[in-house]
Amino acid sequence: MKTVRSYVAGAWAEGGGKAQTLVNPATEEPVAEVAGGSIDSGDWGRVVTHARTRGGEALRALTFAERGQLVKALSKLVHANRDELIALAIANGGNTRGDAKFDIDGASGTLAAYGEVGIALGKTKFLVDGDAAQLTRSVRFVGQHIAVPRQGVAVHINAFNFPAWGMMEKAAVALLAGVPVITKPATSTALVAHRMMELVVEAKILPEGALSFVAGSVGDLLAHLGGQDVLAFTGSSDTAQMLRGQKDVVAQSVRVNVEADSLNAAVLGRDLARDSEGYSLFVADVLRDMTQKAGQKCTAIRRVLVPAEMVDAVKEDLTERLGAMKVGDPSREDVGMGPVATKKQQEDVRAGIARLREEADSVFGGDGSVAEAVGVPKGKGFFVSPVLLQVRDAKTATRVHAHEVFGPVSTLIPYSGEAKDAVAIVARGGGGLVSSVYSDDRAFLGDMAFGLAPHHGRLFLGSSKLAGHAVGPGTVLPQLVHGGPGRAGGGEELGSLRGLAFYLQRTAIAGDKPILEALFNPKSED
Ligand code: NAP
């Protein structure tokens, strides 16, 4: 059986601790082992130092354009091995082929986009931030902000749901910024990330130390981080809280970015007739987000706000489409939704549904149990049925705004149809990654956009004419920022150039105008 190992300090490493078995979540058959305690305690300092020195020095010696070429080469590598990676995602992640493509093409697409960003930045090794400002009455005394790569490592800790995209969207930005990466996938679905690491090592695209890979626990890695290092985490709020509060992380002012839970909303405007393109777009987006990756998407629509008079129609349309979806072995073409990733995940989702049902009635899917999963031995696999709920009383319901059920579960919330009411309901989620509004009424869209913007990292305005031209709100794009305030973790990733800021040190430099112009005029570096 395949062993998932760490790649640290320029070599594959396996420790002597207890190994962990990874299984196919559809059949529960073992697919790989994660080497136990993959790095001996006491060695974490060496791992960090190797990455910081060997990897960091090599990356910082390159220009943005050269680093862009490396990132682009990684994109081509992932794409060239797409079929193998898709097969692993199906086997270890419970992904349908479509789910797997979403993850793996998301990885290569984000790498390609950041490769282009780097190439466009040209031969420079630093970025100029804004124009020089005259600081006193003297025209000689000016100040200029620049941004240079931090001289540390970027520790990336990722969630189980996107092993490919999660690893590469973070790596793309850090490597382009000139910062070496130590990446750790979630253990349960680590096979895809591990294979990508093997491919990167075999292809010898990156300088030694630029990318390290930790299988299993990170031991006391975080205790070795210092003021030049950064920690980017994606996962649950509870783990985030524990990591960002670690003594050494706080004491050393390690820069931390958190991408956590989110109770993303979709709001239907009352102007959209049932036969309009905008309405169809809304239904299609809700369905996709409920079932893609079995609802294990941080951006998935969890709360569905519908004008009270339209609730029956929406229930009918969603129920009909959900009823036609086959749940089962994700390797089969006729199956629309696979299992959730682990037994623990299945238990958590089922418990979450029960919690939501204390204030909501089931419209579809009951308690989430699946009588018979298509193509799977009876009783096997971590399956959960898509579940659509409706809150009993939108005014008093609290759980739907507080508890993220990380599975194929959404809840209908009737509202008045007024923008101010919808904004107030959505804001009860305490900060989100993305919410979407479906309407052709520009005044309504404007009120919703300005009302929701303070509470979100991203908004999607779905109008009838956009149908057929857009990916839904659940797709994270490299050009747009990803992250959100409050419950969503308070972080921000991607957003083209904006994503680089986390890995760069912005420094204000004051001095004599001709000297600053000579040093920092970007044209002189082209
Ligand atoms: P999780 O249990 O918090 O785990 C996330 C990562 O943290 C895993 O790699 C895990 O490793 C690691 N970890 C756990 N304890 C740790 C510790 N003491 N020290 C260092 N690392 C530790 O979350 P999850 O179940 O994988 O992911 C589901 C959650 O992630 C959901 O709430 C979802 O909303 C959120 N999510 C957010 C985004 C976003 O972009 N905002 C994206 C995807 C998912 P092990 O697997 O080895 O335990």
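Here, the structure is the one placed above.
Residues numbered from 1 in each chain as written. Predicted model: local features only at pLDDT ≥ 70, side-chain atom pairs only at ≥ 80, totals over all residues. Heavy atoms only, no water.

**Q** When you look at the site of the ligand in this model, what are you seeing that I'm missing?
**A** In the vicinity of the ligand lie 25 residues, with Asn158, Thr187, Ser236, Thr239 and His482 positioned nearest. Take Phe160: an N or O atom from its main chain is 3.2 Å from an oxygen atom of the ligand. Contact distances for the ligand include 2.6 Å between an oxygen atom and a side-chain N or O atom of Thr239. In isolation the ligand has 910 Å² of accessible area, and contact with the protein removes 78% of it. Among the detected pockets, the ligand sits in the largest pocket. For the shell around the ligand, the secondary-structure elements that each account for two or more residues are strand 11 (230–234) and helix 7 (237–244). (Near = heavy atom within 4 Å. Polar contact = N/O pair within 3.5 Å; in protein donor to acceptor, adjacent residues only side chain to side chain. Areas by Shrake-Rupley, 256 points an atom, 1.4 Å probe, with all protein chains shown as cover. 1 Å grid on protein atoms, 1.4 Å probe; cavity = no way out; pocket = protein on both sides within 12 Å on 5 of 7 lines; lining within 4 Å. Sits in = over half its atoms within 2 Å of the grid points. Helix = DSSP H or I, 4+ residues; strand = E, 2+ residues; numbered from the N terminus.)

**Q** Looking at this model, I keep getting lost on the sheet that holds strand 22 (residues 504–512). Mind explaining?
**A** The strands making up a sheet associate through backbone hydrogen bonding, with each pair oriented either parallel or antiparallel. Sheet architecture is open: 3 strands sit in the order 6-7-22, paired in antiparallel fashion. Each edge of the open sheet carries a strand with a single partner, namely strand 6 (127–134) and strand 22. Strand after strand, the sheet turns through a mean of 20 degrees between neighbouring axes, direction not considered. Pairing analysis gives 9 bridges linking strand 7 (residues 141–149) to strand 22, with the strands arranged antiparallel. When the bridges of strand 22 are listed, Val148 appears paired with Gln505. Across the sheet, helix 14 (residues 513–520) lies against strand 6, strand 7 and strand 22, angled at about 145 degrees from strand 22, the strand it touches most. (Pairing = 2+ DSSP bridges. Axes fitted to C-alpha atoms, helices over the stretch in contact; angles between N-to-C directions. Contact = heavy atoms within 4.5 Å.)

**Q** When you look at the layout of surface pockets in this model, what are you seeing that I'm missing?
**A** Where empty space is left becomes clear once a probe the size of a water molecule has been rolled over the atoms. Of the voids in this model, the largest pocket is the one considered here, and its volume is about 1,100 Å³. As for the largest pocket, its lining consists of 42 residues, of which Phe160, Gly235, Ser236, Thr239 and Gln345 are closest to the centre. Of all elements in the fold, only helix 5 (163–177), strand 11, helix 7 and helix 11 (343–357) reach the threshold of two or more residues within the lining of the largest pocket. For the lining of the largest pocket, the leading source of residues is helix 11, giving 6 residues. By residue class, the composition of the lining of the largest pocket is 17 nonpolar, 15 polar and 10 charged. (Points joined across faces, edges and corners; volume = space filled by probe spheres on them. Nonpolar A, V, L, I, M, F, W, Y, C, P; charged D, E, K, R; others polar.)

**Q** Explanation requested: the nonpolar core in the structure shown.
**A** Looking at soluble globular proteins, one finds that nonpolar side chains tend to be buried together. Judged by nonpolar contacts, the single largest core of 62 residues is most densely connected at Val4, Met168, Leu175, Leu206 and Tyr503. Elements represented by at least two residues in this core include exactly strand 5 (30–36), helix 2 (64–80), helix 3 (82–93), helix 4 (97–121), helix 5, helix 6 (190–203), strand 10 (211–213) and strand 11. The element best represented in this core is helix 5, accounting for 11 residues. (Core = buried A, V, L, I, M, F, W, Y, C linked by side-chain atoms within 4.5 Å. Buried < 20%, exposed > 50% of the residue type's maximum accessible area, 1.4 Å probe, protein only.)

**Q** Teacher, can you tell me more about empty space enclosed by the protein here?
**A** Overall, the coordinates contain 5 cavities of 30 Å³ or more when judged by the stated rule. A volume near 110 Å³ is recorded for the largest cavity. What lines the largest cavity is a set of 16 residues, and nearest its centre among them are Gly93, Asn95, Phe160, Asn161 and Lys293. Looking at the lining of the largest cavity, its residues break down into 7 nonpolar, 7 polar and 2 charged. Considering only enclosed or pocket space, the second largest cavity measures out at about 80 Å³ in volume. Forming the boundary of the second largest cavity are Glu169, Lys170, Val173, Ala232, Asn257, Glu492, Glu493, Leu494, Gly499, Phe502 and Tyr503. Contributing elements (two or more residues each) for the lining of the second largest cavity: helix 5 and strand 21 (493–494). Of the residues forming the lining of the second largest cavity, the biggest block, 3 residues, is contributed by helix 5.

**Q** Just checking my understanding: could you explain the sheet that holds strand 17 (residues 409–415) for this structure?
**A** Taken in spatial order, the 7 strands of this open sheet run 15-16-17-14-13-18-19, and their pairing is mixed. Looking at the sheet topology across the chains shown, the edges are occupied by strand 15 (360–364) and strand 19 (456–462). Pairwise comparison of adjacent strand axes, ignoring direction, gives a mean angle of 25 degrees for this sheet. As judged from the 5 bridges shared by strand 14 (residues 301–307) and strand 17, these two strands associate in the parallel manner. Bridging from a neighbouring strand, Leu305 pairs with Ile413 of strand 17.

**Q** What is the right way to read the packing of helix 2 against helix 5 from this model?
**A** The geometry of a pair of packed helices is captured by two quantities: the angle between their axes and the separation between those axes. Packing of helix 2 against helix 5 leaves a shortest axis separation of 8 Å and a crossing angle of 155 degrees. When the axis of helix 2 is compared with that of helix 5, the two are roughly antiparallel. Seen along the crossing, helix 2 lies across helix 5 with a hand that is right-handed. Mapping the contact onto sequence places Phe64, Arg67, Gly68, Val71, Leu74 and Val78 in helix 2 and Met168, Ala172, Leu175, Leu176 and Ala177 in helix 5. Looking at the contact of helix 2 with helix 5 residue by residue, the classes come out as 9 nonpolar, 1 polar and 1 charged. (Parallel < 35°, antiparallel > 145°, perpendicular 65-115°, else oblique. Left-handed = near helix turned anticlockwise from the far one by under 90°.)

**Q** Got a minute to help me understand the pattern of salt bridges in this structure?
**A** A side chain with one charge can pair with a side chain of the opposite charge if their charged atoms come near. Taken as a whole and judged by the stated rule, the model has 27 salt bridges. The partner of Arg332 in a salt bridge is Asp334, with the nearest N and O atoms 2.9 Å apart. On the accessibility criterion, Arg332 (35% relative accessible area) is partly exposed. Each of Lys2, Glu84, Arg195, Glu198 and Glu202 takes part in salt bridges that share partners, so that together they form one network. (Salt bridge = Lys/Arg side-chain N within 4 Å of Asp/Glu carboxyl O.)

**Q** For this particular structure, what's the right way to read the packing of helix 2 against helix 6?
**A** Interhelical geometry of helix 2 versus helix 6 gives an angle of 120 degrees and a closest axis separation of 10 Å. Between helix 2 and helix 6, the angle is such that the two are oblique. The interaxial crossing formed by helix 2 with helix 6 has right-handed handedness. For the pair helix 2 and helix 6, contact is made by Leu74, Leu77 and Val78 and by Met196, Leu199, Val200 and Ala203, respectively. Residue composition of the contact of helix 2 with helix 6, grouped by class: 7 nonpolar, no polar and no charged.

**Q** Is there a simple way to explain a negative patch on the surface in this structure?
**A** On the surface, a cluster of negative charge is contributed by Asp271, Asp440, Asp441 and Asp447. Positionally, Asp441 belongs in the loop between strand 18 (432–438) and helix 13 (442–452). (Patch = residues over 30% accessible without salt bridge, like charges linked within 9 Å, V, L, I, M, F, W, Y side chains within 5 Å. Lys, Arg positive; Asp, Glu negative; His and termini not counted. Charge placed at Lys NZ, Arg CZ, Asp CG, Glu CD.)

**Q** Got a minute to help me understand the pairing of strand 14 in this structure?
**A** Side-chain positions along a regular strand alternate between the two faces of the sheet. Among the 7 residues in strand 14, 7 count as buried, and that is most of the element. With 4 bridges joining them, strand 13 (residues 264–268) and strand 14 adopt parallel strand pairing. Note on strand 14: the bridge partner recorded for Val267 is Leu305. A crossover links strand 13 with its parallel partner strand 14, the connecting element being helix 9 (residues 277–291), and its sense is right-handed. (Right-handed = clockwise from strand over helix to strand, strands pointing away.)

**Q** I tried to follow unusual backbone geometry on my own but got confused; where do I start?
**A** Trans peptide bonds make up the majority, and among non-glycine residues the majority have a negative phi. For Ala294, which is not glycine, the phi torsion reads 50 degrees and is therefore positive. Given a relative accessible area of 1%, Ala294 falls into the buried group.

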